[in-house]
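Analysis of the macromolecular model
Listed below are the residues making up each chain.
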Amino acid sequence: MKFVPQKYAIEDIPLKPYIDNKEIEDLLKIIPEPGEVSKIITKALSKERLSLRETAILINSEDSRLIDEIKEGARKLKKEVYGNRIVLFAPLYVGNLCRNNCSYCGFRASNKEEIRHTLDNEELVNNVKALENTGQKRLILVFGEHEKYSPDYIAECVRTVYKVKEKNGEIRRVNINAAPLEVEGFKKVKDSGIGTYQIFQETYHKETYGKYHLGGKKADFENRLTSLDKAQIAGIDDVGIGVLFGLYDWKFELLSLVRHVNHLEACFNVGPHTISFPRIQDASVMDNSFPYKVSDEEFVRIISILRLAVPYTGLILTAREPENIRKEVLEFGCSQIDAGTKIEIGAYAKPDSEKQNLRREQFKINDDRSLAEVMEELIDKGYLPSFCTSCYRKGRTGQHFMEFSVPGFIKKYCTPNALLTLAEYLMDYASENVKEKGWKLILKNITTVDKSLQEEVIKRLVKIKQGERDLYL
Ligand code: SAM
Ligand code: SF4
């Protein structure tokens, strides 16, 4: 897929900032013409990427009927293009040393109440074992920004994680959420075999950025803005972008996120692998007020518009959100969620009774259900939980939009791999009750696999029942 660059006030050049406030603000003034929103939704449903202007029109739609139309469009697109799969992962916080002062974050340097800790090798291994024992296969390692967390250090952590094998458990994909690196640093981390490197811009509004980032390297807005360009130059073609909603006007942030997508497409011919949209949560001793908090209704609008505007990208919804919101927004386009999440440093390897003493979480999470509970709920609702890591291990990276653009890709790869990884989970980690419901779901979904592969998938499912593992397409 070749992306056609759009014309903007600032030309897209790698490593050059690309946000022009006036351009974004002017687009946010456009009033939708009658019938325009429907046309834009039809375009998105025909799998065409929306322009920034078209995205702005969706954002500017305030009429409740138009908002419903947008939500319905997103629901339809998600169903038609992606089906019912939900990919699962868990975050693993490795260390909370930090030189920066992001005033919304419990890890910020000025927070003297924070207990600082970095997992040593044994703790890291024990946490990974604990995660494997629940059935996790995909992790995101999270770090503060500190000289200790050098590229070599991060790469070593990744290698350690991949080596940990507990019974049938193993981690097959390690993603990273850490500070921006230089090109050489990104190369080192890439060589350790990471999946996605995630860096959130937090806010694309420079003045607001300055207000909340009061020291350390992260205070440099432009450096953050182009940091994933360096990852791309280093050969990391799976990158994740995001906004911390609540710092500035959500409409400005949402349009800027899409502008960032367009920048990556224009410069590297590949958009982001994932987009994240955390809403600000309470952290220990907040230093600032947050006048732009996003309501639940606005949150659903944000996700629906993103789904329509960038239909090939994974949308990540985290346990920052409460159970009821997570259930609701899955329908509108989220394709990845964390489950069984614990963000206190080292908490996976500790009993829950000791959790209180850790007091080292970055912010509060609102959905602390176990992976088993989330799996059961997904299965009950007819979603197909997936631990698939196939594309990245088969070298189908930077091509994630294949799911979306290559006819039959989902039936050939995604659904079979979801079924195979679910079967593994059921055999190794599920209760008898969930096992029964899960196998029924697998049988029901086999018919949605490409006809030419159904027999092969059934053979592999039998092999998994007999004890074989990691059979992917
Ligand atoms: N230190 C690295 C950085 O700042 O990019 C990476 C890790 S940081 C721990 C991960 C993300 O957590 C941040 O990018 C930010 O968006 C989010 N975060 C920080 N404080 C938060 C809060 N109070 N509520 C919700 N999300 C928060
Ligand atoms: Fe440090 Fe990241 Fe928290 Fe900022 S968001 S204080 S950089 S851990």
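Nothing here was measured: the structure is a model prediction, and the numbers come from that model.

Brief notes about the overall build of the chain
- A count of helices and strands for the chain gives 20 helices and 11 strands.
- Rg of the C-alpha trace for the chain: 21 Å, near the compact-globule value of 23 Å for 473 residues, within the 12% margin.
- The buried share of the chain, taken over its 473 residues, is 61%.
- For the chain, long-range pairs separated by at least 24 residues make up 75% of all intrachain contacts whose partners lie at least 6 apart in sequence.
- Surface accessibility of the chain: about 18900 Å² in total, with carbon and sulfur atoms responsible for 50%.

Considerations on the pattern of salt bridges
- One pass over the full model with this rule turns up 40 salt bridges.
- Glu62 is the salt-bridge partner of Arg301, the closest N and O atoms lying 3.2 Å from each other. Of this pair, Arg301 sits in helix H12 (residues 296-309) while Glu62 sits in the loop between helix H3 (52-59) and helix H4 (64-82); the two residues are 239 residues apart in sequence, bridging distant segments of the chain.
- Among the ionic contacts, a cluster of salt bridges with common partners joins Glu323, Arg326, Lys327, Asp338, Asp367, Arg369 and Glu377.

Some thoughts on the site of ligand 2
- Contacts to ligand 2 come from 9 residues, most closely from Cys98, Asn100, Cys102, Cys105 and Lys218.
- Of the residues belonging to the shell around ligand 2, the class tally is 4 nonpolar, 3 polar and 2 charged.

With respect to the packing of helix H2 (residues 36-45) against H3
- Running from N to C, H2 and H3 point in directions that differ by 125°, and their axes come no closer than 10 Å. Classified by the angle their axes make, H2 and H3 are oblique. Relative to H3, the crossing made by H2 is left-handed. Taken together, the residues of H3 that come into contact with H2 (itself represented by Glu36, Val37, Ile40, Ile41 and Lys43) are Arg53, Glu54, Ile57 and Leu58.
- Of the residues assigned to the contact of H2 with H3, the class counts are 5 nonpolar, no polar and 4 charged.

Some details on helix H11 (residues 250-268)
- A rise of 1.5 Å per residue sets the reference length of H11, with its 19 residues, at 27 Å; its end C-alpha atoms lie 27 Å apart and thus fit the reference within 8%.
- With 17 of 19 residues buried, H11 is to be regarded as a mostly interior element.

Digging into the environment of Leu50
- With respect to the helices and strands, the residue Leu50 is situated in the loop between H2 and H3.
- Look at Leu50 and you get buried, because its relative accessible area is 0%.
- When the C-alpha positions of Leu50 and Pro311 are compared, they lie 9.0 Å apart, and in sequence the two are 261 residues distant.
- Among all residues touching Leu50, those that are not within four sequence positions of it are Gln6, Ile40, Lys43, Ala44, Thr55, Leu58, Leu308 and Ala309.

Quick look at the nonpolar core
- In this structure, Leu141, Ile176, Tyr197 and Phe277 are the most contacted members of the largest nonpolar core, which totals 146 residues.
- Here this core gets 11 residues from one element, more than from any other, and that element is helix H18 (residues 409-429).
- Counting contributing residues, this core receives three or more from each of domain 1 (79-369) and domain 2 (408-465).
- Non-local contacts of Ile176, meaning those with residues more than four positions away in its chain, are made with Ile140, Leu141, Phe143, Ile154, Val158, Val189, Ile194, Thr196, Tyr197 and Gln198.

Digging into the packing of H3 against H11
- H11 packs onto H3 with a crossing angle of 160° between their chain directions and a minimal axis gap of 10 Å. The angle between the axes of H3 and H11 places the two elements in the roughly antiparallel class. Taken as a pair, H3 and H11 cross one another with a handedness that is right-handed. Packed against H3, whose contacting residues are Leu52, Thr55, Ala56 and Ile59, the element H11 presents Trp250, Lys251, Leu254, Leu255, Val258, Arg259 and Asn262 at the interface.

Some details on the domain arrangement of the chain
- Structurally, the chain comprises domain 1 (79-369) and domain 2 (408-465).
- Once you take the C-alpha centre of each, domain 1 and domain 2 turn out to be 29 Å apart.
- Surface buried jointly by domain 1 and domain 2 totals about 740 Å² across both partners, of which 46% is contributed by carbon and sulfur atoms.
- Three residues, Arg85, Asn168 and Arg172, lead the burial of domain 1 against domain 2; their summed loss comes to 50% of the area buried on that side.
- For the pair domain 1 and domain 2, the interface holds 1 salt bridge.
- Arg172 is the partner of Glu424 in a salt bridge, and the nearest nitrogen-oxygen pair spans 3.0 Å.
- Inspection of the domain 1/domain 2 interface yields 4 residue pairs in polar contact (both at pLDDT 80 or more).
- Partitioning the side of domain 1 that touches domain 2 into residue classes produces 2 nonpolar, 6 polar and 4 charged.

Parameters and conventions
Residues numbered from 1 in each chain as written. Chains lettered and ligands numbered in written order. Predicted model: local features only at pLDDT ≥ 70, side-chain atom pairs only at ≥ 80, totals over all residues. Heavy atoms only, no water. Helix = DSSP H or I, 4+ residues; strand = E, 2+ residues; numbered from the N terminus. Rg over C-alpha atoms; globule rule 2.2 N^0.38 Å. Buried < 20%, exposed > 50% of the residue type's maximum accessible area, 1.4 Å probe, protein only. Contact = heavy atoms within 4.5 Å. Areas by Shrake-Rupley, 256 points an atom, 1.4 Å probe, with all protein chains shown as cover. Salt bridge = Lys/Arg side-chain N within 4 Å of Asp/Glu carboxyl O. Near = heavy atom within 4 Å. Nonpolar A, V, L, I, M, F, W, Y, C, P; charged D, E, K, R; others polar. Axes fitted to C-alpha atoms, helices over the stretch in contact; angles between N-to-C directions. Parallel < 35°, antiparallel > 145°, perpendicular 65-115°, else oblique. Left-handed = near helix turned anticlockwise from the far one by under 90°. Expected span 1.5 Å × (residues − 1). Core = buried A, V, L, I, M, F, W, Y, C linked by side-chain atoms within 4.5 Å. Domains from an automatic or database assignment. Buried area = accessible area lost by both parts, 1.4 Å probe. Polar contact = N/O pair within 3.5 Å; in protein donor to acceptor, adjacent residues only side chain to side chain.

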